[in-house]
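As a plain string of letters, each chain reads:
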Amino acid sequence: MGGKLRALAIDGPAGAGKSTISEAVSRELGWLHVDTGAMFRAVALYLLDTGTDTGNREEVAAALKGAEVSCRVESGEQRILLNGEDVTEKLRAEEVGNTASAVSAYPEVRTRLLALQRSIAAAQPVVMDGRDIGTVVLPDAETKVYLTARAKVRALRRFRELIARGEPCDVLEIEKDIEERDYRDMHRKTAPLVQADDAVLVDTSDMTKDEVVRRILSLVHKNEAEPGDPA
Ligand code: DC
């Protein structure tokens, strides 16, 4: 194995705050934030739009041939393109997230996105968040964090986010969705959500956003100062 990759891998379950925290940390570091969940969501959007039976692996694998997912950076922010169209604003719907979770279990879907994720990280320092970044996508990442929070806390955060966006929802339903999604993401055969051996666990249940950002920044700075030493 060569040297460590100048990257921060943030993995964790749905609603743990990965996107918010990754964005804030990447801004502080001046590194690019790459939200890999958005890539899976773009694939899900395509499958929903084309009426693909997402329960049928062969059908999904065949449909994938028509989905070209790529990324563009605009004003320092990641935009996701699906067949050349910027679909970033369409990706946050719950249906898209749940479908992304379901189809991300198919190895064909994961393989499709892996090269894209690795090529972005090879080109510049990144804060990359997802489910398998520290374990599969960037196993050589300099710093790895497993970000989590209690399911109830995560459900409440997502509920507030949806309400703020004017989307009516039910907090108990969200909690049930989150628990089902966690189960699927953690129990799939290919690249399940699991804490990497060398990842630092950060439970954000009782921490403010600022505290989480500072904690993670201190891990990165330590590793940048002493490459090779565990955090
Ligand atoms: O982080 P998110 O909610 O936007 O991700 C949506 C789904 O995509 C998630 O439930 C599982 C899948 N995913 C994945 O399997 N691997 C990743 N690296 C990122 C997301």
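A short tour of the structure in this document, coming up. (Residues numbered from 1 in each chain as written. Predicted model: local features only at pLDDT ≥ 70, side-chain atom pairs only at ≥ 80, totals over all residues. Heavy atoms only, no water.)

What about the overall build of the protein chain?
At step 1: For the protein chain, the count of helices and strands is nine helices and eight strands.
At step 2: A compact globule built from 231 residues would reach a C-alpha radius of gyration of about 17 Å, and the protein chain, at 17 Å, matches this within 12%.
At step 3: The buried share among the 231 residues of the protein chain stands at 49%.
At step 4: Of the contacts made within the protein chain by residues no fewer than 6 positions apart, 73% connect residues no fewer than 24 positions apart.
At step 5: Surface summary for the protein chain: the accessible area is close to 11200 Å², and the carbon and sulfur share equals 51%.
At step 6: Charged side chains in the protein chain number 32 positive and 40 negative. The centres of these two groups are separated by 1 Å. (Helix = DSSP H or I, 4+ residues; strand = E, 2+ residues; numbered from the N terminus. Rg over C-alpha atoms; globule rule 2.2 N^0.38 Å. Buried < 20%, exposed > 50% of the residue type's maximum accessible area, 1.4 Å probe, protein only. Contact = heavy atoms within 4.5 Å. Areas by Shrake-Rupley, 256 points an atom, 1.4 Å probe, with all protein chains shown as cover. Lys, Arg positive; Asp, Glu negative; His and termini not counted. Charge placed at Lys NZ, Arg CZ, Asp CG, Glu CD.)

Concerning the site of the ligand
At step 1: Around the ligand sit 15 residues in total, of which Arg41, Arg110, Arg131, Asp132 and Arg188 are the nearest.
At step 2: Separating an oxygen atom of the ligand from a side-chain N or O atom of Ser104 is a distance of 3.3 Å.
At step 3: A distance of 3.0 Å separates an oxygen atom of the ligand from a polar side-chain atom of Arg181.
At step 4: If the ligand stood free it would expose 440 Å²; the protein chains cover 98% of that surface.
At step 5: Looking at which element gives the most residues to the shell around the ligand, the answer is helix α2 (residues 36–49), with four residues.
At step 6: Tallied by class, the residues present in the shell around the ligand amount to three nonpolar, five polar and seven charged. (Near = heavy atom within 4 Å. Polar contact = N/O pair within 3.5 Å; in protein donor to acceptor, adjacent residues only side chain to side chain. Nonpolar A, V, L, I, M, F, W, Y, C, P; charged D, E, K, R; others polar.)

Section: the sheet that holds strand β7 (residues 141–148)
At step 1: The strand order β2-β6-β1-β7-β8 describes an open sheet built from five strands, whose pairing is parallel. Both outer strands of the open sheet, β2 (32–35) and β8 (200–203), are each paired with one neighbouring strand and no more. Strand-to-strand twist across the sheet, computed as the mean angle between neighbouring axes with direction ignored, equals 20°.
At step 2: Pairing of strand β1 (residues 5–11) with strand β6 (residues 126–130), which is carried by five bridges, proceeds in the parallel orientation. Within β6, the residue paired with Asp11 across the bridge is Gly130. (Pairing = 2+ DSSP bridges. Axes fitted to C-alpha atoms, helices over the stretch in contact; angles between N-to-C directions.)

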